[in-house]
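Remarks on the overall topology
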Amino acid sequence: QVQLVESGGGLVQAGGSLRLSCAASGLTVSRYSMGWFRQAPGKEREFVVVISRSGSNQYYADSVKGRFTISRDTAKNTVYLQMNSLKPEDTDVYYCAASEWGGSPSEVRDYNYWGQGTPVTVSS
């Protein structure tokens, strides 16, 4: 049974940082493209970043380039999202997802497995 469990969300002031974790079980993160998405109430789920199976390629949404960094610890089978210079616009529920597609999938429909989400609130 595949499980993706996000953690690390919370309340932070604008300009601050958070690190989200995605602990995977039932799948090996190095065999999937692993992505982060975010979603606000009433809005579509939005692509944030993806890391390739090899870990060597990363693709970021323009809105987070230079501020967010995805990484992976294969020994822990965990993916991380380091979020710096947070803005109120980053307030969303953040979801970890796994895709069987190679390359850099950026569409919700490209992903096969999803976590339950962890909320991030950035105050101004």
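Attention here is on the structure that accompanies the text.

Rules behind the numbers
Residues numbered from 1 in each chain as written. Predicted model: local features only at pLDDT ≥ 70, side-chain atom pairs only at ≥ 80, totals over all residues. Heavy atoms only, no water. Helix = DSSP H or I, 4+ residues; strand = E, 2+ residues; numbered from the N terminus. Rg over C-alpha atoms; globule rule 2.2 N^0.38 Å. Buried < 20%, exposed > 50% of the residue type's maximum accessible area, 1.4 Å probe, protein only. Contact = heavy atoms within 4.5 Å. Areas by Shrake-Rupley, 256 points an atom, 1.4 Å probe, with all protein chains shown as cover. Lys, Arg positive; Asp, Glu negative; His and termini not counted. Charge placed at Lys NZ, Arg CZ, Asp CG, Glu CD. Pairing = 2+ DSSP bridges. Axes fitted to C-alpha atoms, helices over the stretch in contact; angles between N-to-C directions.

**Some details on the overall build of the chain**
Looking only at helices and strands, the chain features 0 helices and 11 strands. Here the C-alpha radius of gyration of the chain, 13 Å, is about what a compact globule of 124 residues would show, namely 14 Å. Structurally, the chain occupies a C-alpha span of about 40 × 25 × 25 Å along its principal axes. In the chain, buried positions account for 44% of the 124 residues. The contacts in the chain between residues at least 6 apart in sequence include a share of 57% that link residues at least 24 apart. Accessible area for the chain stands at about 6400 Å²; split by element, carbon and sulfur atoms hold 44% of it. Taken as two groups, the 12 positive and 11 negative side-chain charges of the chain have centres that lie 5 Å from each other.

**Overview of the sheet that holds strand β7 (residues 68-73)**
Spatial ordering of the open sheet is given by β1-β3-β8-β7, a layout of 4 strands whose pairing is antiparallel. Two strands close off the open sheet at either side, each with one partner strand: β1 (3-7) and β7. Across the sheet, the mean angle separating the axes of adjacent strands is 15° when strand polarity is ignored. Judged from the 6 bridges that link them, strand β3 (residues 18-25) and strand β8 (residues 78-83) form a sheet pairing that is antiparallel. Note on β8: the bridge partner recorded for R19 is Q82.

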